[in-house]
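One letter stands for each residue in the lines below.
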Amino acid sequence: MASITLSKKNFFYNLDIISKRSYGKDKVALVLKDNAYGHGLLEVAQMAQEYGISKAVVRTNAEANAVAKYFEYILVLADIPKVASEKILYTINDIHSIQKFPKGTRVELKVNTGMNRNGIEISELESAFSLVKTQGLQLEALFTHHACADELDGVYELQKEIFSEVKRKVSHDLRFHSCNSAALFREQRFDEDMVRVGIAAYGCLEMPESLSKIKLKPILSLYAKKISSRVLQKGEKVGYGLTFEADEFCRVSNYDFGYGDGFIRMCSHIHTTPDGTKIAGRISMDNSSFLSEKEELLIFNDARVVADFANTISYEVLTSLKSHIPRKII
Ligand SMILES: *Cc1c(COP(=O)(O)O)cnc(C)c1O
C-alpha cells in the first residue's frame, strides 16, 4: 500500500513565512481545493486550525461543509448553495448567475482583470451591484485572479493596475483580494485584506529568482511498500513491455504503487527517488519496480522534482494523488 506523510513542522514553517509576508495570520486564507492539493482535506484543515489560520478557500459546497468546523470564514470558488450560510461565502463568477443564489447569501464578486476565464467585466460592475441588491444578497468583497503572477512579462503589473482602478472606483465598503502564492511573494509590500495562498503553503512554489528567492519546504512525502524482490542477470528485463534491461547482475524489487494511486506514468524510466534509487521499467497501475531492496521506499518528497521528470507542474503531481492513500501527519 502506498502511504503519504505530511510534515507539520514544514507546514508551520511555510505558514510562518506566509503570515509574516501578509502581515498577520488573519490575512491568510488557505486554499484547500482539490483535497488540499492532494494532501488530504481534513488533515490539512486540522493542522491549519492548530496553527491559527481561520480562513479557507475551497471549490465546492461539499468541501466547504466538510471543513466548516475548522474555520471562521470559507470562500467557495465555484458552487451555488441551496441555502445561505453563516460562514460560507460564495463567488459570483458570472453576471447571469446572480439570480441563482438564495436570498441572504454572503457573496464575493470576482472581477475579470484580463485572465478572461471567470469574473464580471468591469463595465458590468454597476449592473452587478444592483442585481445583487435586488436578489437580496450580502456583497462583502471584490476579488480578481492573476494569469501570470509567476511570470516576468508585464501582464501581472497590468492586471494589478486594472484592479487598483476598480478599487478606486468602488465606493462600497468592501474587502479586496487578488494575490495567490506567487503574487504575494513578488509584491514588495502586501496591502490587501486577504491572500489566497495554496502552493506556497504546501511548500512547492516555483518562480523566477528575479521575482523571489523564497525557499519553502514541501510537506508531502509519498512512500510505497515492497511486495517482492528478485535477482536479475545481465540481459534480463522487467515490467510491461519489458522496457528495462539489466546491464549487469542486480537486485530489483516491486513496490505496491502506481498510476492507480495517481502517480504520473510519464515518470517511467526517469524517476529517481530522493536517495538516488532508480526505477526499473514502466510505472504500472499498482506495481512499480526499483533497483532496491528496501522494505519501504520513499518515492518522492518534493513534487517539483517529479513535475520536472513528467514535464508538468507540481500542482498536477500533487492533486493527482488519490484520496484512498492513507495520510499521516508527522
Ligand atoms: C487555486 C487558486 C488560488 C491559489 O493559487 P496558488 O498558486 O496555489 O497560491 C488562489 N486563487 C484562486 C481564485 C484560485 O483558483
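Below is a summary of the structure that appears in this document. (Residues numbered from 1 in each chain as written. Predicted model: local features only at pLDDT ≥ 70, side-chain atom pairs only at ≥ 80, totals over all residues. Heavy atoms only, no water.)

1. A closer look at the overall build of the chain
- Counting secondary structure elements, the chain contains nine helices and 16 strands.
- Across its three principal axes, the chain shows a C-alpha extent of roughly 75 × 40 × 35 Å.
- Counting over 330 residues, the chain shows a buried share of 52%.
- Restricting the contact set of the chain to residue pairs at least 6 apart, pairs at least 24 apart contribute 64%.
- One finds the centroid of the 43 positive side-chain charges in the chain at a distance of 3 Å from the centroid of its 42 negative side-chain charges. (Helix = DSSP H or I, 4+ residues; strand = E, 2+ residues; numbered from the N terminus. Buried < 20%, exposed > 50% of the residue type's maximum accessible area, 1.4 Å probe, protein only. Contact = heavy atoms within 4.5 Å. Lys, Arg positive; Asp, Glu negative; His and termini not counted. Charge placed at Lys NZ, Arg CZ, Asp CG, Glu CD.)

2. Notes on the site of the ligand
- Close to the ligand lie 13 residues, the nearest being Lys33, Tyr37, Ser181, Arg196 and Tyr315.
- At a separation of 3.5 Å, a nitrogen atom of the ligand approaches a polar side-chain atom of His145.
- With respect to the ligand, the side chain of Tyr315 contributes an N or O atom lying 2.6 Å from an oxygen atom.
- Considering the ligand on its own, with 390 Å² of exposed area, one finds that the protein chains cover 92% of that surface.
- Because more than half of its atoms lie within 2 Å of the grid, the ligand is assigned to the largest pocket.
- The set of elements that each furnish at least two residues to the shell around the ligand consists of helix H2 (33–37) and strand E9 (195–197).
- Residue composition of the shell around the ligand, by class: six nonpolar, four polar and three charged. (Near = heavy atom within 4 Å. Polar contact = N/O pair within 3.5 Å; in protein donor to acceptor, adjacent residues only side chain to side chain. Areas by Shrake-Rupley, 256 points an atom, 1.4 Å probe, with all protein chains shown as cover. 1 Å grid on protein atoms, 1.4 Å probe; cavity = no way out; pocket = protein on both sides within 12 Å on 5 of 7 lines; lining within 4 Å. Sits in = over half its atoms within 2 Å of the grid points. Nonpolar A, V, L, I, M, F, W, Y, C, P; charged D, E, K, R; others polar.)

3. What to know about the layout of surface pockets
- Considering only enclosed or pocket space, the largest pocket measures out at about 890 Å³ in volume.
- Looking at the largest pocket, it is lined by 32 residues, and the ones nearest its centre are Lys33, Tyr37, His145, Asn180 and Tyr315.
- Elements supplying a minimum of two residues to the lining of the largest pocket: H2, helix H7 (181–186) and helix H9 (314–319).
- There are two domains that each give the lining of the largest pocket at least three residues, and those are domain 1 (8–211) and domain 2 (220–329).
- Leu205, Glu206, Met207, Glu209, Ser212, Lys213, Ile214, Lys215, Leu216 and Arg304 are the residues that line the second largest pocket.
- Class assignment of the residues belonging to the lining of the second largest pocket gives a composition of four nonpolar, one polar and five charged. (Points joined across faces, edges and corners; volume = space filled by probe spheres on them. Domains from an automatic or database assignment.)

4. Let's talk about the packing of aromatic side chains
- Within this structure, the stated rule accounts for ten aromatic pairs.
- Pairing Phe11 with Phe12 gives two aromatic rings, centres 6.3 Å apart and planes at 40°, and the pair type is tilted. By the burial criterion, Phe11 is buried, and Phe12 matches it.
- Plain terms: the ring middles of Phe257 and Phe263 are 5.2 Å apart, the flat faces sit at 75° to each other, and that makes the pair edge-to-face. Residue Phe257 shares its accessibility class with Phe263, and that shared class is buried.
- Here the aromatic residues Tyr255, Phe257, Phe263, Phe290 and Phe300 are joined through ring pairs into a cluster of three or more.
- Stacked on the ring of Tyr51, the Lys or Arg Lys25 has its end atom at 4.6 Å from the ring centre.
- For Arg189, the ring lying beneath its charged end belongs to Tyr23, and the centroid distance is 4.6 Å. (Phe/Tyr/Trp six-rings, centres within 6.5 Å; stacked < 30°, edge-to-face > 60°. Lys NZ or Arg CZ within 6 Å of the ring centre and 35° of its normal.)

5. Topic: the environment of Ala2
- Locating Ala2 in the fold gives a position in the segment before strand E1 (3–6).
- Given a relative accessible area of 1%, Ala2 falls into the buried group.
- Placed 295 residues apart in sequence, Ala2 and Leu297 show a C-alpha to C-alpha distance of 9.6 Å.
- Those residues in contact with Ala2 that lie beyond four places of it in its chain are Leu222, Tyr223, Ala224, Asp256, Phe257, Asp261, Ile325 and Pro326.

6. Describing the pairing of E1
- In E1, alternate side chains face the same way, and those of Ser3 and Thr5 on one face and Ile4 and Leu6 on the other are all buried.
- In this structure, E1 lies alongside strand E16 (residues 327–329), joined through three bridges in parallel fashion. Note on E16: the bridge partner recorded for Thr5 is Lys328. (Pairing = 2+ DSSP bridges.)

7. Thoughts on empty space enclosed by the protein
- Under the definition given, this model contains two cavities of 30 Å³ or more.
- Looking at the lining of the largest cavity, its residues break down into two nonpolar, seven polar and two charged.
- Here the second largest cavity defines a volume of roughly 30 Å³.
- In terms of lining residues, the second largest cavity is bounded by His39, Tyr202, Cys204, Pro218, Ile219, Leu220, Phe300, Asn301, Asp302, Ala303 and Leu318.
- Taken together, the residues of the lining of the second largest cavity sort by class into eight nonpolar, two polar and one charged.
- The two domains that each donate at least three residues to the lining of the second largest cavity are domain 1 (8–211) and domain 2 (220–329).

8. Notes on the environment of Tyr255
- Tracing the sequence through the fold places Tyr255 in strand E13 (residues 250–255).
- Residues Tyr255 and Glu296, 41 residues apart in the sequence, show an inter-C-alpha distance of 8.2 Å.
- A polar side-chain atom of Tyr255 sits 2.5 Å from the main-chain carbonyl oxygen of Lys294.

Bear in mind that shape data such as this cannot, by itself, settle questions of function.
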